[in-house]
Amino acid sequence: MSKLIRTDVCVIGGGVGGVLVASAISQMGIKTIVVESQNLGGERLNGGSTKTFSLLSVGRLFEQIRSAQLYGVKAIPNGVDYDRVLNYIERTIKEFEPDYSQERLEGLGVNLIFGQAKFLTKKTLQAAENIVTAKRFIIATGSCLKTPKIDGLDEVPFYTNETILKKGGIPKHLIILGSMGGGLQLAQAFSLLGSKVTIIEKGRILSQEDPELVNFIYERCLELGINIYQDTNIKKVKNLSNRITIALTNNKEEKSISGSHLVLCGERVPDIKYLNLAVAGVDFSNDGVKVDKRLRTKNKNIFAIGDVIGHGFSEGRVENHAEVIIKNILFFIPATIDEMHGPRLVLTSPELAQVGLTESQAREIYKKIRVMRWPYSENYRAQIEASTSGLIKVIALDNGKILGAGLVGDSAGDLIHIWTLAIESQLKLSLISKMKFPFMTLGGISRQVAKSFFISNIFNKQNRLIANILKNFR
Ligand SMILES: Cc1cc2nc3c(=O)[nH]c(=O)nc-3n(C[C@H](O)[C@H](O)[C@H](O)COP(=O)(O)OP(=O)(O)OC[C@H]3O[C@@H](n4cnc5c(N)ncnc54)[C@H](O)[C@@H]3O)c2cc1C
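Reading guide: rules and limits
- Residues numbered from 1 in each chain as written.
- Predicted model: local features only at pLDDT ≥ 70, side-chain atom pairs only at ≥ 80, totals over all residues.
- Helix = DSSP H or I, 4+ residues; strand = E, 2+ residues; numbered from the N terminus.
- Rg over C-alpha atoms; globule rule 2.2 N^0.38 Å.
- Buried ≥ 20, exposed ≤ 12 C-beta atoms within 10 Å, placed from the backbone.
- Contact = placed C-beta atoms within 7 Å.
- Core = buried A, V, L, I, M, F, W, Y, C linked by C-beta atoms within 7 Å.
- Domains from an automatic or database assignment.
- Nonpolar A, V, L, I, M, F, W, Y, C, P; charged D, E, K, R; others polar.
- Pairing = 2+ DSSP bridges.
- Axes fitted to C-alpha atoms, helices over the stretch in contact; angles between N-to-C directions.
- Near = placed C-beta within 6 Å.
- Parallel < 35°, antiparallel > 145°, perpendicular 65-115°, else oblique.
- Left-handed = near helix turned anticlockwise from the far one by under 90°.

Chemist: It is not clear to me how the overall build of the protein chain should be interpreted in this structure. Could you clarify?
Modeler: Looking only at helices and strands, the protein chain features 15 helices and 23 strands. Here the protein chain has a C-alpha radius of gyration of 25 Å; the compact-globule value for 474 residues is 23 Å, and the two agree. The buried share of the protein chain, taken over its 474 residues, is 40%. Looking at the protein chain alone, contacts between residues at least 24 apart form 66% of all its contacts between residues at least 6 apart.

Chemist: Can you help me understand the nonpolar core in this one?
Modeler: Nonpolar side chains tend toward joint burial in soluble globular proteins. Ranked by internal contacts, the top residues of the largest apolar core, which has 69 residues, are I176 and A187. No other element matches helix α6 (residues 183-193), which puts six residues into this core. Look past the residues within four positions of I176 in its chain and what remains in contact with it is G183, L186, A187, V197, I199, V263 and C265. L105, F119, A134 and V291 belong to the second largest nonpolar core, which has 50 residues in total.

Chemist: How do you make sense of the domain arrangement of the protein chain when you look at a structure like this?
Modeler: It is common to report an interface's size as the accessible area lost on association of the parts. You can read the domains of the protein chain as domain 1 (3-145 + 269-340), domain 2 (153-266) and domain 3 (350-458). Of note, the centres of domain 2 and domain 3, computed from C-alpha atoms alone, are 32 Å apart. If you look at the interface, domain 2 gives seven residues, while domain 3 gives eleven residues. For the side of domain 2 that touches domain 3, the class distribution of residues is three nonpolar, no polar and four charged.

Chemist: Help me understand the sheet that holds strand β8 (residues 173-177) in this model?
Modeler: Neighbouring strands of a sheet are bound in pairs by backbone hydrogen bonds; such pairs are parallel or else antiparallel. Pairing in this open sheet of four strands is parallel, and the strands run β10-β9-β8-β14 from one edge to the other. Each end of this open sheet is capped by a strand with a single partner; those strands are β10 (227-229) and β14 (261-264). Between one strand axis and the next, the sheet turns through 15° on average, direction left out of account. Sheet analysis places β8 next to β14, joined by four bridges and oriented parallel. Of the residues in β14, the one forming a bridge with L174 is H261. Seen against the sheet, α6 touches β8, β9 (196-200) and β14 and runs at an angle of roughly 165° to β9.

Chemist: Explanation requested: unusual backbone geometry in the structure shown.
Modeler: Of all residues except glycine, most have a negative phi; of all peptide bonds, most are trans. Between S349 and the following residue, P350, the backbone shows a cis peptide bond with an omega angle of -5°. One non-glycine residue, N242, lies in the positive phi region at around 65°. Among the secondary structure elements, N242 is positioned in the loop between β11 (232-240) and β12 (243-250). The phi dihedral of L295 falls on the positive side, at around 70°, and the residue is not glycine.

Chemist: Sorry if this is basic, but what is going on with the site of the ligand here?
Modeler: By nearness alone, 41 residues border the ligand, and G15, G42, G142, G182 and G306 come closest of all. For the shell around the ligand, the secondary-structure elements that each account for two or more residues are α1 (16-27), β2 (32-36), α2 (42-45), α3 (49-67), α8 (315-331) and β19 (344-346). Across the shell around the ligand, the residue classes tally to 13 nonpolar, 21 polar and seven charged.

Chemist: Looking at this structure, I do not really get the pairing of strand β5 (residues 124-127). What am I missing?
Modeler: Two faces belong to every sheet, and in a regular strand the side chains alternate between them. With burial as the criterion, only one face of β5 is covered, namely that bearing L125 and A127; the residues T124 and Q126 on the opposite face remain uncovered. Note: strand β4 (residues 117-119) against β5, three bridges, orientation antiparallel. Opposite A117, over in β5, you have A127 as the bridge partner. Linkage of β4 to β5, two consecutive antiparallel strands, is achieved through a turn of four residues. With four bridges connecting them, β5 and strand β6 (residues 130-139) associate as antiparallel partners. Note that in β6 the partner of A127 across the bridge is N130. Taken together, β5 and the strand that follows it, β6, pair antiparallel across an intervening segment of two residues, in which A128 is found at a positive phi of about 50°.

Chemist: Which parts of the structure should I look at to understand the packing of α3 against helix α4 (residues 82-96)?
Modeler: Each pair of packed helices can be described by the angle between their axes along with the distance between the axes. Two elements in contact, α3 and α4, have axes whose closest approach is 10 Å; the angle formed by their N-to-C orientations is 130°. On the basis of the axis angle, α3 is oblique to α4. Remark: the crossing between α3 and α4 carries right-handed chirality. Judged by residue contacts, T50, K51, S54, L55 and V58 of α3 engage V85, Y88, I89, T92, I93 and F96 from α4. When grouped by side-chain class, the residues that make up the contact of α3 with α4 number seven nonpolar, three polar and one charged.

Chemist: Got a minute to help me understand the packing of α3 against α6 in this structure?
Modeler: Contact pair α3 / α6: the axes reach a minimum separation of 8 Å and the direction vectors enclose 35°. The chirality of how α3 crosses α6 is left-handed. Seen from α3, the contacting residues are T52, F53, L55, L56, G59, R60, F62 and E63; seen from α6, they are Q185, L186, Q188, A189, L192 and L193.

Chemist: Any chance you could explain the sheet that holds strand β20 (residues 352-356) here in plain terms?
Modeler: Taken in spatial order, the five strands of this open sheet run β19-β20-β23-β22-β21, and their pairing is antiparallel. Among the strands making up the open sheet, the edge pair consists of β19 and β21 (370-375). Ignoring which end each strand starts from, the neighbouring axes of this sheet average 10° apart. As judged from the three bridges shared by β19 and β20, these two strands associate in the antiparallel manner. Across the sheet, the residue bridging to V346 is L352, located in β20.

Chemist: Help me understand the environment of V9, please; the structure alone is not making it clear to me.
Modeler: On the secondary structure map, V9 appears in strand β1 (residues 3-12). With 123 residues separating them along the chain, V9 and V132 place their C-alpha atoms 9.9 Å apart. Contact partners of V9, with chain neighbours within four places excluded, come to I25, I30, T32, A134, K135, R136, I138 and I329.

What follows is the structure, given as structure tokens:
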């Protein structure tokens, strides 16, 4: 027999967003339930995201050892013990586990239910043998991989970001379909560890990011020997004597490529399949749950956050959503989301960080913008540490108002902070250009790029004309 549970807030999904919101609101004395269908921690702990990035970090370490000779260090790499690499990744994940543990959540007063949540009415849902009725529901069920429709796919073995990380040796030749959701990270990681890698992408890699910045990642992939087929259609997949063979069309040319392992890293879709949203009075489409700027669905007692609302999948975004929800639910502050401006980070090599508008987004909105760039190669620290491949790019208005900043290169995710603060606090470029940075820091590129705004102002037509007139009086 079903048990009826009444609560103030029921969070559906115990992933990154769900756990963040539930821990905050239950600490304020609000009766909170989390319903999780699998394991707490979502994509960060159980999916491929942290694992793939950890693998990439190991790959980069191996690369450093191999290139140590260049700097006069006699380090002789002696191969990779893949099983131990995987043990290391498991240990890393264990470090994260306490934040998402049942003990921690229950200690904060959260009531946990393990089971698939399914709405029964606008105010109740079924979770395992329980019927939960709540004043408010928060849908935080994340996203899942969409299996592409490819002729022959159902007859070949394939892997995902998560399942490919299994013991038994480094795969010989990975064919990665799609570059989203960690496909590029996975490609770079395995390539650095010695696998041959081919990426097949139906569009362009990281198509939502600034192509000028993405190009650094593309070039890095080529340098690693990764074959990338963009704008490519797959016609058929076959398993021929334990080799995966793919027939594809690229640049109107038909090709066939073979590899040892096939990994699907393509389109991700909001995970709404078991929720029975129609009975809950919630609007949704293939793009996800429809919400307003306060993250409320059509049923104003049901909110949705994170990947499940679609239009981009990123950890930074989930955290922003969580903040908005907490303000709305806890403090009744009508906080709204600002999807254009939050910072995001793509954990590839080099990493790419962006805050505010990209150049093309700014051009759509403003008639005249200024674009400043500063390469890592002009920075002493980058030169000494041989990390000169990178760029900072800042978009501003003529009056120095900062619209956006993007970075690609080492530590991009850390260097973006100052620009996030500048945009959120509406600081002008002049302030950044006058800021004191310690000597020999990568951060100095932020000051240089800001200064370049004024240097080009100094040498503009008008000032040159004035200087020309004044020279006659010297
Ligand atoms: C390989 C990979 C690499 C990535 N790399 C990056 C990166 O470099 N930068 C970045 O910003 N982002 C990255 N991401 C995206 C990031 O991981 C996600 O945006 C983030 O984890 C989404 O958080 P969430 O809370 O919305 O969902 P999740 O963390 O996925 O949590 C959803 C939870 O809901 C549960 N659930 C689903 N349906 C139900 C149901 N009916 N009932 C109960 N529970 C349910 C699931 O089991 C899961 O635990 C990557 C993702 C992947 C897969």
